Amino acid sequence: MRCTRRTLTAVATTMLLAATAACGSGSDSEKSESTGDVGTTNLKIGIIPIVDVAPLYLGQKKGFYKEQGLSLSMTMAQGGAAIVPGVVSGQFQFGFSNSTSLMVAQSKGVPVKVAVNGVGSTGKDGGDFGAVVVNKDSPIKSAKDLEGKKVAVNTLKNINDTTVRESVRKDGGDPSKVKFVELAFDQMPAALDKGQVDAAQVVEPATATVKAQGGRVIASNFVDTARKLTIAMYFSSTQYIDQHPDIVKKFSAATRKSLTYANAHPEEARDIVRTYTKIPQATLDKVTLPAWPAQWNRPSLDTLAKLGEQDGLFEKTPDLDALLP
């Protein structure tokens, strides 16, 4: 979601420059679209090659976007640091990013706005797609035990360390004593195995990989933060939304239908992941799928915003009413 996944602080200048470029003529967004079949609008979508975005591929396969006169061209990115400026500059019409990253961007004045929901927690303690994990022989038994320990997160000062802090806090520990280190998700299982970190906040498929190594879940950080936490959403630039409200409406409708279908047909969603990732089948079979609600959970986003402000993630309080449609 997950996330998404480099800190936006380091690229704030890049995004603001991109925003300036996008506000020039308005033609950038239009040029990045192309027409395929007559009456079909092709959209470029910036995504991360993870389980979370399976509904887009599934919806494309089932014809939900075609029904709206749309076709999707997915472009893989390493994280939100590349996707956000790509959307603002008009390289992509829509992008996928975690909720906290979008709040950080909005608080910096980057012209982005949510179009439709993306992915959420399953709400099952011990059965979520994201978790804090340790090795099987680790003395760490619960989140409180993370005090003074080295914990890997994919991006510092973002959704994952914020939610891990909440797990520690709710378990009676002092989150300020946790030592966070930045590490890519796919490197976390090996780092745990070698003892380079004491614990890691992982998401699928790293969660399944660690469990296969005998690792244990000691906290479900997304669930501890909010039972049905909205983790990531699809967004666009405010300029594109203002200039193409009809396309945004169609994309949102098709995506909501895709999310609903993926929720109702989890094995089809699992199978589609093989078409755009290199996750081994044996691992994919054990992956815990996220929830794909058609609508975001506003109270959970309010909680994320509050925690982010508490952790010093924002230069000013994000305006969720402006970020959400």
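Placed above this text is the structure.
Residue positions are given per chain, counted from 1 along the sequence in the order it is written. Side-chain atom pairs in this predicted model are given and counted only at pLDDT of 80 or more, local residue features only at pLDDT of at least 70, and totals for whole chains, interfaces and linings cover all residues. Side-chain metrics in this entry use all non-hydrogen atoms of the structure; hydrogen atoms and water are not considered.

Trainee: Would you mind going over the overall build of the protein in detail, with residue names and values included?
Mentor: For the protein, the count of helices and strands is 16 helices and eleven strands. For every residue, the accessible area obtained with a 1.4 Å probe (protein chains only) is divided by the maximum for its type, and the residue is called buried under 20%, exposed over 50%, and partly exposed between those limits. Looking at the 325 residues of the protein, the share that counts as buried comes to 59%. Within the structure as shown, the protein displays about 13000 Å² of accessible surface, and the carbon and sulfur contribution to it stands at 50%. Only DSSP runs of H or I with at least four residues qualify as helices, and only runs of E with at least two residues qualify as strands; both kinds are numbered from the N terminus onward. In short, Shrake-Rupley with a 1.4 Å probe defines the accessible areas, and a residue's cover is counted only from the protein chains shown.

Trainee: So what's going on with the environment of Gly 69? Residues and values would help.
Mentor: Tracing the sequence through the fold places Gly 69 in the loop between α4 (64-67) and β3 (70-76). Each C-alpha atom of the pair Gly 69 and Ala 254 lies 9.9 Å from the other, and the pair is 185 residues apart in sequence. In this analysis, two residues are considered to be in contact whenever any of their non-hydrogen atoms come within 4.5 Å of each other. Those residues in contact with Gly 69 that lie beyond four places of it in its chain are Gly 39, Thr 40 and Thr 41.

Trainee: Could you give an account of the side chain of Ser 220, with specific residues and numbers?
Mentor: Tracing the sequence through the fold places Ser 220 in the loop between β10 (216-219) and α10 (221-225). The class of Ser 220 is buried, set by a relative accessible area of 1%. Those residues within four positions of Ser 220 in sequence are excluded, and the remaining contacts are Lys 124, Asp 125, Gly 126, Gly 127, Gly 130 and Ser 167.

Trainee: Give me the lowdown on the pairing of strand β9 (residues 199-203), citing residues and values where you can.
Mentor: Burial runs high along β9: five of the five residues are buried. Of the two faces of β9, the one carrying Ala 199, Gln 201 and Val 203 and the one carrying Ala 200 and Val 202 are both buried. A pair of strands is labelled paired if DSSP reports no fewer than 2 bridges between them. Sheet topology places strand β6 (residues 130-134) next to β9; four bridges connect them, and they run antiparallel. Pairing of Ala 131 across the sheet is with Val 202, part of β9.

Trainee: Requested: an account of the packing of helix α6 (residues 99-107) against helix α15 (residues 298-310), with residues and values cited.
Mentor: Only the stretch in contact is used when fitting a helix axis, every axis being a line fitted to C-alpha atoms; angles between N-to-C directions are given from 0 to 180 degrees. Remark: α6 packs on α15, axes separated minimally by 10 Å, with the N-to-C direction vectors making an angle of 60 degrees. Handedness of the α6/α15 crossing: right-handed. Contact residues: α6 offers Ser 99, Thr 100 and Met 103, while α15 offers Leu 301, Leu 304 and Ala 305. Here is the rule for handedness: rotate from the far helix to the near one, and if that takes an anticlockwise turn smaller than a right angle the crossing is left-handed, while a clockwise turn gives right-handed.

Trainee: Talk me through α15; I want residue IDs and the actual numbers.
Mentor: With 13 residues, α15 ought to run about 18 Å at 1.5 Å a step, and its terminal C-alpha atoms sit 18 Å apart, in line with that. Restricting attention to buried positions, one finds in α15 the residues Ser 300, Leu 301, Leu 304, Ala 305, Leu 307 and Gly 308. Mapping the buried residues of α15 onto a view down its axis gives an arc of 165 degrees, with all of them on the same face. Residues of α15 that are exposed and angled more than 90 degrees away from the buried face: Pro 299 and Lys 306. Residues of α15 that are buried in the fold lie against α6, α7 (159-170), α10, β11 (230-237) and α16 (320-323). The positive-phi residue at the C-terminal boundary of α15 is Gly 312, with phi of around 75 degrees. Between the first and last residue of a helix there are one fewer steps than residues, each counted as 1.5 Å, and that sum is the expected span. Note that the arc is computed from the directions linking the helix axis to the C-beta atoms.

Trainee: Break down a positive patch on the surface for me, citing the residues and quoting the values.
Mentor: The patches described consist of residues with a relative accessible area above 30% and no salt bridge, like charges being joined within 9 Å and nonpolar side chains (Val, Leu, Ile, Met, Phe, Trp, Tyr) within 5 Å. Between Lys or Arg on one side and Asp or Glu on the other, a salt bridge is scored when a side-chain nitrogen of the former is within 4 Å of a carboxyl oxygen of the latter. Charge convention: Lys and Arg are scored as positive, Asp and Glu as negative, and His as well as the terminal groups of each chain are ignored. Charge positions come from single atoms, namely NZ of Lys, CZ of Arg, CG of Asp or CD of Glu. There is a patch of like positive charges on the surface, built from Lys 124, Lys 170, Arg 227 and Lys 228. Along the chain, Lys 228 turns up in the loop between α10 and β11. Residue Lys 228 is classed as partly exposed on the basis of its relative accessible area, which comes to 46%.

Trainee: So what's going on with the pairing of strand β8 (residues 179-182)? Which residues, and what values?
Mentor: Alignment of strand β7 (residues 150-153) against β8, held across four bridges, turns out to be parallel. Directly across from Lys 150, in β8, lies its bridge partner Lys 179.

Trainee: Go over the packing of helix α3 (residues 54-62) against helix α12 (residues 245-264) with me, naming the residues and quoting the values.
Mentor: Here α3 crosses α12 at 100 degrees, and the two axes come no closer than 8 Å. Taken together, the axes of α3 and α12 are roughly perpendicular relative to one another. Contacts between α3 and α12 involve Pro 55, Leu 56, Leu 58, Gly 59 and Lys 62 on the former and, on the latter, Thr 255, Ser 258, Leu 259, Tyr 261 and Ala 262. Class assignment of the residues belonging to the contact of α3 with α12 gives a composition of six nonpolar, three polar and one charged. Our angle categories are set so that under 35 degrees counts as roughly parallel, over 145 as roughly antiparallel, 65 to 115 as roughly perpendicular, and the remainder as oblique. By the convention adopted, Pro, Cys, Tyr, Trp, Phe, Met, Ile, Leu, Val and Ala count as nonpolar, Lys, Arg, Asp and Glu as charged, and the other residues, Gly among them, as polar.

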